[in-house]
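Topology and contacts: notes
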Amino acid sequence: MRGYYLISCAAIFITACNTSPEKKEQASEITWSQHIAPIIYQNCSPCHRPGQSGPFNLLSYADAVKKAKQLKFVTKTKYMPPWPADANYSHFVGERGLSDEQIKQIGDWVDANMPRGDSSKEISAPVFKNNSFFGKPDLVIKAQKPVVIKGNGTDAFLIMKFPYQMDRDTIADIIEFVPDQRKLVHHVNGHLISYDEKRQFNYMSGENIHSDTKAQLMDVYKNMHIPYTDKLQPNFPMLTLNTVYYLPGYIPPSYPSEIGGYRLKKNGAFLLNNIHYGPSNKDLLDSSYVNVFFKKDPIKRPIKETQLGTFGVSKIEPEFIIPPNEVKTFHTQAKIEKAISMLSINPHMHLIGKTFWAFALKPNGDTIPLIKIHKWDFKWQYYYTFKHPIKLDAGTTVHVYGTFDNTKENPLNPYSPPQTITQGNGVESMRTTEEMFQFIFTFVPYKEGDEKIDLERKH
Ligand code: HEC
């Protein structure tokens, strides 16, 4: 430690004693104000802040200085910022990644003992009002009581209800899940429930949190007071699937006003059919919530979603069984019947996923690159939104390849020794020890000029 201080004192001494302006410029070349702050604020702060997954804040000079050595390490090893998609293959909104130059700057800055530079020239840190990417929400929906996370070191999978009541029907533009215990909330997937006001219901009461994964789902929903209470059919209110989604680093898409939107009845709830908490060693309370941003314009082009592979519209070939001690590749494909504009895509595998590759083959034999992931990482599963909608003509085929490594050399193999891994039955497949091979994409029917729409976030 002493040697380290000596070196940095010597460096300061040289700077102070040298009166030539060029020399001075050189010695204090890389500063927080001029070089590092913009890199950190753009590439790190969106996750390293309250309401997102990064385990500590990176929102100020002091934050960065506290973690300086780690910053150098995680950027040099390219562990951060996480961006599994090959940026030479296809481009997406919010693409993250540092250039070699930026990585070197961070290293040099840390080695020079983190000079701040001229703080009057510093750009200000990004502000995330209400812990949100989008500002002040029109509606914040909280669970009636917080989730108790037991400090027993195991994962918890819950079903949760976030009910709300408004004075009139409206349209939602963006639905954003905000984790409270940001180190523990791993993923969230949920649906929107809408009640017909002419029917009878009591969804504002009833159980809010359910933790028994073995119970019958219908019993769970009854305890949550989700079905209608009158005798009419259907008994179950309308569901809009997959409206709430969260994974570390996920930013809900905000499309231009002519695209997207969800009808929000004045009586409704978000039903998280799966919220996954990672293991904790102490008892904690979680009060995560859902932010809803209303849409000013009517819905013109609602977004559709299709899923290939596991539970999807297309068959996996060969049959989805991964024998022990094998690295095995699977393929699935689907033909586009009517021209569409593809908006965003979500590759999905579990722990032993190794590589993922999707592309579209036009009827004339041309290839449209969609996504290539060379090193699958279960932790970073984004919904990747294209910078512009991708037009897929009728007759185009979407091809997806996924490779799984079920050998003992794979440190993430959940079994030792390796065992045959397949997909489970129904919800069982959600378990991380089972595998999945899915390619989900959102789209709207194609309209002339779609390729020019800018999907880059305006917020
Ligand atoms: C997509 C969200 C996201 C982005 C962007 C991101 N981080 Fe992280 N970071 C995380 C999460 C989540 C963790 C904790 C889990 C882990 O370590 O894998 C983490 C962990 C870290 C750690 C601790 C690693 C350890 O081993 O304990 C450091 C240091 C770090 N990030 C620095 C950065 C820096 C520097 C950037 C920008 C160049 C950045 N992160 C960008 C989400 C992010």
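Structure report, in brief.

Cut-off values and rules
Residues numbered from 1 in each chain as written. Predicted model: local features only at pLDDT ≥ 70, side-chain atom pairs only at ≥ 80, totals over all residues. Heavy atoms only, no water. Helix = DSSP H or I, 4+ residues; strand = E, 2+ residues; numbered from the N terminus. Buried < 20%, exposed > 50% of the residue type's maximum accessible area, 1.4 Å probe, protein only. Polar contact = N/O pair within 3.5 Å; in protein donor to acceptor, adjacent residues only side chain to side chain. Contact = heavy atoms within 4.5 Å. Donors = N, O, S within 2.8 Å, 3.2 Å for Na, K, Ca; no water. Tetrahedral: all angles 85-135°; square planar, octahedral: opposite > 155°, others 65-115°. Pairing = 2+ DSSP bridges. Salt bridge = Lys/Arg side-chain N within 4 Å of Asp/Glu carboxyl O. Near = heavy atom within 4 Å. Nonpolar A, V, L, I, M, F, W, Y, C, P; charged D, E, K, R; others polar. Domains from an automatic or database assignment. Axes fitted to C-alpha atoms, helices over the stretch in contact; angles between N-to-C directions.

A few words on the side chain of H35. Tracing the sequence through the fold places H35 in helix α3 (residues 32-43). On the accessibility criterion, H35 (19% relative accessible area) is buried. For H35, the side chain forms a polar contact with the main-chain oxygen of E29, separated by 3.4 Å. In contact with H35, not counting residues within four places along its chain, are E29, I30 and Q105.

This part takes up the coordination of the iron atom of the ligand. Four donors placed tetrahedrally around a metal ideally meet at 109.5 degrees, and six donors placed octahedrally ideally meet at 90 or 180 degrees. Here the iron atom of the ligand is held by H48 (NE2) and M80 (SD), and the distances to it run 2.1 to 2.3 Å. Note that the iron atom of the ligand binds six donor atoms; their angles at the metal cover 83 to 179°, and the shape is octahedral. Here H48, found in the loop between α3 and α4 (61-66), pairs with M80, found in the loop between α5 (68-76) and α6 (100-111); they are 32 residues apart in sequence, far enough to count as distant. Per residue, the accessibility class of H48 equals that of M80, and both read buried.

Let's shift gears to the pairing of strand β9 (residues 267-277). Counting buried positions along β9 yields ten of eleven residues, so the element is predominantly enclosed. With nine bridges connecting them, strand β3 (residues 156-165) and β9 associate as antiparallel partners. Paired with F157 across the bridge in β9 is H276. Of the pairings in the sheet, the one linking strand β5 (residues 185-194) to β9 comprises nine bridges and is antiparallel in character. Counted as the bridge partner of I193 is A269 from β9.

Here the focus is the pattern of salt bridges. Counted according to the given criterion, the structure contains twelve salt bridges. Between K266 and E197 there is a salt bridge, and its shortest N-O distance comes to 3.2 Å. In this pair, K266 sits in the loop between β8 (262-264) and β9 while E197 sits in the loop between β5 and β6 (209-210), placing the two residues 69 residues apart along the sequence. Since its relative accessible area comes to 22%, K266 is described here as partly exposed. Across the pair K408 and E409 runs a salt bridge whose closest N-O atoms are separated by 3.5 Å. With a relative accessible area of 63%, K408 lands in the exposed category.

Looking at the element boundaries, S45 is found in the loop between α3 and α4. Of the residues examined, S45 reaches a relative accessible area of 0% and is grouped as buried. Sequence spacing of S45 and F386 is 341 residues, and the spatial spacing of their C-alpha atoms is 22 Å. Contact partners of S45, with chain neighbours within four places excluded, come to I40, L58, L59, P126 and F128.

Another point: the site of the ligand. Around the ligand, the surrounding shell holds 21 residues, and the nearest of these are C44, C47, H48, Y79 and M80. A distance of 2.7 Å is found between a nitrogen atom of the ligand and a side-chain nitrogen or oxygen belonging to H48. A per-element tally of the shell around the ligand places α5 first, with four residues. Partitioned by chemical class, the residues of the shell around the ligand number twelve nonpolar, seven polar and two charged. When residues of the shell around the ligand are sorted by domain, at least three fall in each of domain 1 (31-127) and domain 3 (304-452).

Pairing within the open sheet is antiparallel, and its four strands lie in the order β1-β11-β4-β8. In this open sheet, the two edge strands, each paired with only one partner strand, are β1 (139-142) and β8. Each adjacent strand pair in this sheet contributes to an overall mean axis angle of 45°, direction not counted. Two elements, strand β4 (residues 170-178) and strand β11 (residues 289-294), share six bridges in a ladder whose sense is antiparallel. Counterpart to A172 in the pairing with β11 is F294.

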